[in-house]
Amino acid sequence: MIQFTIVTPCYNAEQYIEETVRSIFAQKALHTGRASLQYIVVDGKSSDRTVALVEECARDFAHGTLQIISERDGGMYEALAKGLTLATGQICAYLNAGDLYSPHAFDIVIDVFEAHAVKWLTGFRTVYNEDGQIVFCQLPFPYRSRLFQVGLYDNRTLPHLQQESTFWNSELHQFIDFDSLSGFKYAGDYYLWTCFSSHTELKIAEA
């Protein structure tokens, strides 16, 4: 059985967190026994009901583990670094409060990882409205490692890589300096993609 580690960094996210958590717990691969889940929520000591809502969502969840860390931090990427250093799953990703997974996301990821020599995977760039309806969907053009290295996927020169559609093999964590990741305020994704692209190619799941 493949284990996924999903990290959600958040702060005062009660408006969005429940839908995000439920989209993770609703994964078909978890309910069919094809995968298990290590879910890590790293909360910046929220003053609202963020943590309580996560706990409520997890009350009847029986297909993995939930760990909640709630303490003050220096921002989203420090929270993400905390979560990723605890990862035990073979496949990792992070999902911000307000982002969603399709119910079949884990199944598709497993299919691609098992059928191909993939360590880093992304899929359709998708945008949902406030009602959870898809309002934009686009398959990205192939990504090039050398273009990640020179910073061209900046959403100005070339479209950025959508983080919520992206998964990777935890073996790639050996190439991350988590202290450096913790220090980022805005460009942490760029740092991760630069680390990964030095050692593997990003593949695209087309269906």
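The rules behind these values
Residues numbered from 1 in each chain as written. Predicted model: local features only at pLDDT ≥ 70, side-chain atom pairs only at ≥ 80, totals over all residues. Heavy atoms only, no water. Core = buried A, V, L, I, M, F, W, Y, C linked by side-chain atoms within 4.5 Å. Buried < 20%, exposed > 50% of the residue type's maximum accessible area, 1.4 Å probe, protein only. Helix = DSSP H or I, 4+ residues; strand = E, 2+ residues; numbered from the N terminus. Pairing = 2+ DSSP bridges. Contact = heavy atoms within 4.5 Å. Axes fitted to C-alpha atoms, helices over the stretch in contact; angles between N-to-C directions. 1 Å grid on protein atoms, 1.4 Å probe; cavity = no way out; pocket = protein on both sides within 12 Å on 5 of 7 lines; lining within 4 Å. Points joined across faces, edges and corners; volume = space filled by probe spheres on them. Nonpolar A, V, L, I, M, F, W, Y, C, P; charged D, E, K, R; others polar. Parallel < 35°, antiparallel > 145°, perpendicular 65-115°, else oblique. Left-handed = near helix turned anticlockwise from the far one by under 90°.

A. Examining the nonpolar core more closely. If you look at the biggest cluster of nonpolar residues, it comprises 34 residues, and the most contacted ones within it are F4, I6, F25, L37, Y101, F106 and F167. Only β1 (2–10), α1 (17–25), α2 (28–31), β2 (35–43), α3 (50–57), β4 (91–94) and α5 (105–115) provide two or more residues apiece to this core. Of the residues forming this core, the biggest block, 6 residues, is contributed by α5. Of all hydrophobic cores here, the second largest spans 28 residues; its members include A79, F178, L192 and C195.

B. View of the sheet that holds strand β5 (residues 120–122). Taken in spatial order, the 7 strands line up as β3-β2-β1-β4-β8-β5-β9 in an open sheet, and their pairing is mixed. Each edge of the open sheet carries a strand with a single partner, namely β3 (64–70) and β9 (203–204). Note that β2 and β3 share 7 bridges and pair parallel. In the sheet register, Q38 faces β3, and the bridge partner there is T65. In the packing of α5 onto the sheet, the strands contacted are β1, β2, β4, β5 and β8 (167–169), and the crossing angle to β1 comes to about 130 degrees.

C. Structural view of unusual backbone geometry. Look at N12: it is not a glycine, yet its phi comes out positive at around 45 degrees. Residue position: N12 is located in the loop between β1 and α1.

D. Local environment of the layout of surface pockets. Its boundaries defined by the atoms lining it, the second largest pocket holds a volume of some 240 Å³. In terms of lining residues, the second largest pocket is bounded by 13 residues, among which Y153, H160, L161, D189 and Y190 are the most central. With 3 residues, the top contributor of residues to the lining of the second largest pocket is helix α8 (residues 188–197). Among the residues forming the lining of the second largest pocket, the class breakdown is 6 nonpolar, 4 polar and 3 charged.

E. Representation of the packing of α1 against α3 in the model. The N-to-C vectors of α1 and α3 enclose an angle of 30 degrees; their axes lie 9 Å apart at closest approach. The angle between α1 and α3 falls in the class roughly parallel. Between α1 and α3 lies a crossing of right-handed hand. Residues I17, E18, V21, R22 and F25 of α1 touch α3, and the partners they reach there are T50, L53, V54 and C57. Residues that form the contact of α1 with α3 fall into these classes: 6 nonpolar, 1 polar and 2 charged.

That's the geometry; what it means functionally is another story.
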